[in-house]
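One-letter residues, chain by chain:
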Amino acid sequence: MQNKRLVQSGAALAAISAMLLAGCGSKVSDPNFAKVDTDRILSEGLGKGEWMTYGGTYDEQRFSPLEGITPANVGSLGVAWTYEFPTNLGTESTPIVVDGVIYATGSWSVVVALDARTGKVLWTYDPKVPREQLAKGCCDAVNRGVAVYDGRVFVGTFDGRLVALDAKTGKLMWSTVTVDESKPYTITGAPRVVKGKVLIGNGGAELGVRGYVSAYDAKTGKLAWRFYATPNPDKKPDGAASDDAFAKIGNATWGNSGKWKTDGGGGTPWDSIVYDSVNDSILVGFGNASPWNSKVRDPEGNGDNLFVGSIVALDPATGKYKWHFQETPRDQWDYTSTQSIVLADLPLGPNGTPRRVVMHAPKNGFFYVLDAKTGKFIQGKAYAPQNWASGLDANGRPQVVPQARTPPPEGFMQFPGPQGAHNWPPMGFNPKTGLVYIPTEKNAQFYVPSDPANLPKSKWNLGYNMAGGIPLVIPKGALPQVQAGMGGGLLAWDPIKQEARWSIDLGSAANGGILTTTTGLLFQGTKMGLLRAYDATNGKVLWETNLKRGVTAPAITYTIGGEQYVAVTTGWGSSWALNNGLYWKDKVTRVPGRLVVLKLGAKGAIPDNAASGVEASPKTKEFGTEQQVAHGLQLYAFNCMVCHGPMVQSSGVLPDLRWSMIASDPQAWRSVVIDGALKGNGMVSFASKISPEDAEAIRAYAINQGWMAVRNGDAKAPKP
Ligand code: CA
């Protein structure tokens, strides 16, 4: 009797402690904590309420089977808690949730682990990326997230390291440099881990590097294999997994001269790397060619330049080539194939039987459906307006129009532009609606070829005239017209019928990635900070809330203790913000990144942002001859524009040089531009590219643009 009571009370105690543990989200004390492996990712999927890998599952559909949040109750979704990142540039990360802990990254590759129920910080990790690195990147010091595997958290840092941390403590376990640090490589993508190997790519094609994907042993950090995007400059073996593929099919698609040999040819796989577990293939989306202009890159050849603009399937154990599909042969427009790759079974087999397919909406504007086993083209169609190809042939090869292939000296206005019809914000697929949801972009580029024999000495050298098409003076009222031609939306695409089911014009580009659910919801954030839940069948807005900072990341969802949460990272920045502030009708302020977690019935508030404090008016008188200002425009376009914006118009994230105090003073300007006084902020010295006189011409142009805005009524005249 006594014993039985003891047993009963023991059982009650165990039950109470289990309840306490369950109530307290994180299970850090569990010996199996964060023991994620390929089998667990495959067997558990999202059904137990975790979010264990970047795209949710290896198929990366971002489709949740959780049923707690529905069209009927989504209206009561509110903010449960928030976390403020310590860094303040663009925030793009997909959080990972495992065993009650949520892991997310902010700009500068900082990592945080929090109790996923309460938001209590468990640990943070700052890889201390040197801030000068900002100038080595094309597109802001962003990071798209971590991978969790075997008790470890993996992050690729902006300066090219792959770092393994203890998932419980955040303690460094190993760190390895994945790139040649003397070259402008960056890492912004999230690692994926497959069967004990951590897969990581890199970025930097624009600035002259050779892209590759690497696999590292998750336990030791030792390199297992590497597959290059472009040939060895001498077309010799690298001793890499890609050697056979280049010897057999790759090398012959490149000529034997041109800038690709010194600049690497590009092809950097900076985002999508997925695992097709059915066919045991790693699918890698490779980036654009470099320099962009093929007449500069590879003047004697006319080949396809494999594997730029391609999806390539590799053996996960060895990295050996299985198949490839090149979406943009001989790319010369920054048409990356790095966009999210989604795997699914669609009724495209014989007699409508299920067929395992790869779905892809790369920058080039065409939606592709490929056979996942062979890479064979099944079907494809333009999902966005485009004028560079007359269509796809029976093999899915684009029929490129002559003006796009060889722009005339006066230039060719092409769309999509380099931001693409779809950029990195991931698309999603809902097997219940049968629709793919794509965050689309509307942009164009005026391609004016540079003289290959006479390329300027500049930071950006794409083989095109970066100043091409940019007027020195824009007439009053012209800017809103330009802005109206740019934009973005949300597209629900039927991948079988190859047509839009519905679409929404969001007015501006750089909106968020996708989360969709079995209950028929579709979550997407907007650049201006709204988070919305749509009816996935028809696009009706069911709920929205203002998160007050730009949302370009996709939301995720998870459950703890039977309660379902939605999480998303926010923060203005990314390539759009830096490169294309001109097209933002609404200017923003530089803010820290934030992780926002929502649940039903929560009532938390999002604080307002601090005002930017810089008045939009020139701080000094106009100066410089017309010739000097025109020279400044050229130099600005080749050195400054990609970060500070076309026509010196910033989105608000980086300083708008028209209103800058530093730009009002020649000595201060010189100390920054030539002497590198602000290199600690990422603004490095440009002394190796431009002279002090050049710097002064750029200043004259910046101030001129400020006064032009005053004349056009777009900015206030300074007080006398
Ligand atoms: Ca690019």
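Model, not experiment: these values are computed from the prediction. Here, residues in each chain are numbered from 1, in the same order as that chain's written sequence. Side-chain atom pairs in this predicted model are given and counted only at pLDDT of 80 or more, local residue features only at pLDDT of at least 70, and totals for whole chains, interfaces and linings cover all residues. Values reported for side chains reflect all heavy atoms of the structure, with hydrogen atoms and water molecules removed beforehand.

Q: Mind showing me how you'd approach the overall build of the protein here?
A: What the protein contains, in helices and strands, is 12 helices and 37 strands. Here the radius of gyration uses the C-alpha set of atoms, whereas the globule reference equals 2.2 Å times the residue count to the power 0.38. Relative to the 2.2 N^0.38 estimate, which gives 27 Å for 720 residues, the radius of gyration of the protein is 25 Å and therefore close to what a compact globule would have. Its C-alpha atoms put the protein at 100 × 65 × 50 Å along the principal axes. Here the term buried applies to any residue with accessible area under 20% of the maximum for its type, exposed to any over 50%, and partly exposed to those in between, with areas from a 1.4 Å probe on protein chains only. Residues classed as buried in the protein amount to 63% of the 720 residues present. Any two residues whose heavy atoms approach within 4.5 Å at even a single point are treated as in contact. For the protein, contacts bridging at least 24 residues in sequence account for 64% of all contacts bridging at least 6. Each accessible area is a Shrake-Rupley result for a 1.4 Å probe, and residues are judged covered by the shown protein chains and nothing else. When the accessible area of the protein is evaluated, it comes to approximately 25,800 Å², of which 54% is carbon and sulfur surface. Secondary structure elements follow DSSP: runs of H or I no shorter than four residues count as helices, runs of E no shorter than two count as strands, and numbering proceeds from the N terminus.

Q: Which parts of the structure should I look at to understand the pairing of strand β30 (residues 499-505)?
A: The side chains of a regular strand alternate between both faces of the sheet. Direction of pairing for strand β29 (residues 487-494) relative to β30: antiparallel, over a ladder of six bridges. From the neighbouring strand, Asp494 faces β30, where its bridge partner is Glu499. Once β29 ends, the chain turns through four residues before running back antiparallel as β30, passing Gln498 with a positive phi of about 60°. In short, DSSP must find at least two bridges between two strands for them to pair.

Q: What exactly am I supposed to notice about the state of the cysteines here?
A: Disulfide: a covalent bond formed between the sulfur atoms of two cysteine residues. Only a pair of cysteine sulfur atoms within 2.5 Å counts as a disulfide in this structure description. Within this structure, the stated rule accounts for one disulfide. Between the sulfur of Cys138 and that of Cys139 lies a disulfide, 2.1 Å long from S to S. Across the S-S bond of Cys138 and Cys139 the torsion is about -105°, and the bridge reads as left-handed. Residue Cys138 is classed as buried on the basis of its relative accessible area of 19%. Residue Cys640 stays outside any disulfide, its sulfur separated by 9.1 Å from that of Cys643, the closest cysteine. Here Cys640 falls in the buried class, since its relative accessible area comes to 15%. Cys139 supplies the cysteine sulfur nearest to Cys643, a cysteine that is in no disulfide, at a spacing of 8.4 Å.

Q: I tried to follow the nonpolar core on my own but got confused; where do I start?
A: Put simply, a nonpolar core is a bunch of buried Ala, Val, Leu, Ile, Met, Phe, Trp, Tyr and Cys residues held in one set by side-chain atoms that sit within 4.5 Å of each other. Within the largest apolar cluster, 95 residues are counted, with the highest numbers of intra-cluster contacts made by Tyr103, Phe523, Tyr558 and Leu595. What Tyr103 contacts, discounting residues up to four positions off in sequence, is Phe33, Ala34, Thr94, Pro95, Ile96, Val112, Ala113, Trp123, Val146, Val148, Val153 and Ala167.

Q: When you look at the domain arrangement of the protein in this model, what are you seeing that I'm missing?
A: Accessible area lost upon the coming together of the parts is a frequently used measure of interface size. An automatic or database domain assignment provides the domain bounds reported here. Looking at the protein, the domain boundaries give domain 1 (2-443 + 486-600) and domain 2 (626-711). Here domain 1 and domain 2 have C-alpha centroids that lie 33 Å from each other. At the interface, 19 residues of domain 1 touch 18 residues of domain 2. Throughout, buried area stands for the accessible area (probe radius 1.4 Å) lost by two parts on being put together, summed over both. Summed over both sides, the interface between domain 1 and domain 2 buries roughly 1,600 Å², with carbon and sulfur atoms accounting for 63% of that surface.

Q: Help me understand the pattern of salt bridges, please; the structure alone is not making it clear to me.
A: A side-chain nitrogen of Lys or Arg and a carboxyl oxygen of Asp or Glu constitute a salt bridge if their distance falls within 4 Å. Tallied over the full model, the rule gives 29 salt bridges. With its nearest N and O atoms 2.7 Å apart, the salt bridge here joins Asp238 to Arg210. One end of the pair, Asp238, is in the loop between β14 (223-228) and α3 (243-250); the other, Arg210, is in the loop between β12 (197-200) and β13 (212-217), with 28 residues separating them in the sequence. Assessed through its relative accessible area of 28%, Asp238 is described here as partly exposed. Take Arg210: its relative accessible area is 11%, and that puts it in the buried class. Three or more residues joined by partner-sharing salt bridges are found here, namely Arg40, Glu44, Glu50 and Asp99.

Q: What is the right way to look at helix α9 (residues 626-639) in this model?
A: Working note: α-helix, 3.6 residues per turn, so residues spaced by three or four point in the same direction. Multiplying one less than the number of residues by 1.5 Å gives the expected span of a helix. Between its first and last C-alpha, α9 extends 20 Å over 14 residues, near the 20 Å set by a 1.5 Å rise per residue. Among the residues of α9, those classed as buried are Val629, Gly632, Leu633, Leu635, Tyr636, Ala637, Phe638 and Asn639. Packed against the buried residues of α9 are α10 (641-644) and α12 (692-711).

Q: Would you take a moment to explain α12 for this structure?
A: When the terminal C-alpha atoms of α12 are compared, their 29 Å separation across 20 residues agrees well with the 28 Å that a helix rising 1.5 Å per residue should span. α12 sits mainly inside the fold: 16 of its 20 residues count as buried.

Q: I'm lost on the coordination of the calcium ion in this one. Help?
A: Tetrahedral coordination by four donors puts the ideal angle at the metal at 109.5 degrees, and octahedral coordination by six puts it at 90 or 180 degrees. The calcium ion binds to the protein through Glu206 (OE), Glu206 (OE), Asn288 (OD1) and Asp334 (OD); the donor distances cover 2.3 to 2.6 Å. For Na, K and Ca the donor cut-off is 3.2 Å, while for other metals it is 2.8 Å, and in both cases only N, O and S atoms qualify; water is not among them, so sites may look incomplete. Taken in sequence order, the residues that donate to the calcium ion follow the motif E-x81-N-x45-D. With Glu206 in the loop between β12 and β13 and Asp334 in the loop between β18 (321-326) and β19 (341-346), this residue pair connects regions lying 128 residues apart in the sequence. Overall, Glu206 belongs to the buried group, its relative accessible area being 9%.

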